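# Observations on the three-dimensional arrangement
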Amino acid sequence: MKDTHKHKGLRNQLVKIIAQKGITDKNVLTALGNVPRHLFMDSSFADFAYQDKAFPIGCDQTISQPYTVAFQTELLQVKEQHQILEIGTGSGYQTAVLLEMGAKVYTIERQKELFKKAKLFLPKLGYKPKKIIFGDGYKGLLENAPFDGIIVTAGAPFVPNALLSQLKVGGRLVIPIGDTEQIMTLFIRTSEKDFEKHELGKFKFVPMLTKRN
Ligand code: SAH
């Protein structure tokens, strides 16, 4: 497991491309520049790690496209010490980006294999989420709610009410909604009862699973 000058160079190139695509938040770009994405992928795909593309990570899942990770993270407006809940740990790459930004991260994964892998792997790189949980993201994480931000990294067929109700007032839920194609949707909780909703363009995610494998 190595992070070389070559990798860092490739990563800087990738960050430039993401900035050109419209991501302006310096903290997000710095975080992407710091996380060694090639180590989150199967070594046979490592050469592709710094292309702006999604890639298979096993169990029919993908590591999200770096631009998508940046886009969702920017929408969350992460500040240091924020309590952030991630649904869909997958490779742990998005988790690492959030940790680089100084957030306290809770992350839930539905598939046992991926959960086990991320739980072992993240600490090896020095990334320490508050919790990595094998469970159902539709329910959120009541015991650690409320959250400053909740990010869903799989395509959700609808907005789970549990996730909205576990936001702080002022908190943000970033969730791609739809079946074959998703609309990136941002909910901001403006009071106990009220939410603002913003739709921010089309994306393609693997579906959020309802059954445990
Ligand atoms: N954030 C990941 C993206 C992984 S793809 C990364 O950076 O690599 C989406 C992930 O969501 C998959 O690992 C999938 O198994 C998981 N997932 C799907 N449905 C889920 C659910 N209901 N609860 C929690 N995780 C879920």
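The structure this text deals with has already been given above.
Notes on the structure follow. For clarity, every value in this text was computed on a predicted model and none was experimentally measured. (Residues numbered from 1 in each chain as written. Predicted model: local features only at pLDDT ≥ 70, side-chain atom pairs only at ≥ 80, totals over all residues. Heavy atoms only, no water.)

Moving on to the sheet that holds strand S9 (residues 195-203). Spatial ordering of the open sheet is given by S5-S4-S3-S6-S7-S8-S9, a layout of 7 strands whose pairing is mixed. Of all the strands in the sheet, the pair left with one neighbour each is strand S5 (131-134) and S9. With direction set aside, neighbouring strand axes in the sheet form an average angle of 15°. Summarising the sheet, strand S7 (residues 167-177) and strand S8 (residues 182-189) pair through 6 bridges and their orientation is antiparallel. Each bridged residue has a counterpart across the sheet, and for Pro176 the counterpart in S8 is Met184. Contacting strand S3 (83-87), strand S6 (147-152), S7, S8 and S9, helix H3 (residues 66-76) crosses the sheet at an angle of about 155° to S7. (Pairing = 2+ DSSP bridges. Helix = DSSP H or I, 4+ residues; strand = E, 2+ residues; numbered from the N terminus. Axes fitted to C-alpha atoms, helices over the stretch in contact; angles between N-to-C directions. Contact = heavy atoms within 4.5 Å.)

As a further point, take the site of the ligand. Contacts to the ligand come from 27 residues, most closely from Gly88, Ser91, Glu109, Gly137 and Leu209. In this structure, a nitrogen atom belonging to the ligand sits 3.2 Å away from a side-chain N or O atom of Thr153. Between the ligand and Leu209 there is a distance of 2.7 Å, counted from a nitrogen atom to a backbone nitrogen or oxygen. The protein chains hide 99% of the 580 Å² of surface that the ligand would expose on its own. Of all the secondary-structure elements, those providing two or more residues to the shell around the ligand are strand S2 (61-63), S3, helix H4 (93-100) and strand S4 (104-109). Broken down by element, the residue count for the shell around the ligand peaks at 3 residues, all from S2. (Near = heavy atom within 4 Å. Polar contact = N/O pair within 3.5 Å; in protein donor to acceptor, adjacent residues only side chain to side chain. Areas by Shrake-Rupley, 256 points an atom, 1.4 Å probe, with all protein chains shown as cover.)

Our next topic: the pattern of salt bridges. Here the structure, examined in full by the defined rule, presents 7 salt bridges. Across the pair Arg110 and Asp136 runs a salt bridge, and its minimum N-O distance is 3.8 Å. Residue Arg110 is located in the loop between S4 and helix H5 (112-124), and its partner Asp136 is located in the loop between S5 and S6; the two are separated by 26 residues in the primary sequence. Asp136 shares its class with Arg110; the two are buried. Measuring nitrogen to oxygen at the nearest pair gives 3.6 Å for the salt bridge that ties Glu192 to Arg189. According to the relative accessible area criterion, Glu192 is exposed, its value standing at 59%. Looking at Arg189, the relative accessible area reads 8%, which means it is buried. (Salt bridge = Lys/Arg side-chain N within 4 Å of Asp/Glu carboxyl O. Buried < 20%, exposed > 50% of the residue type's maximum accessible area, 1.4 Å probe, protein only.)

Honestly, that's just the spatial picture; any functional story needs more than this.
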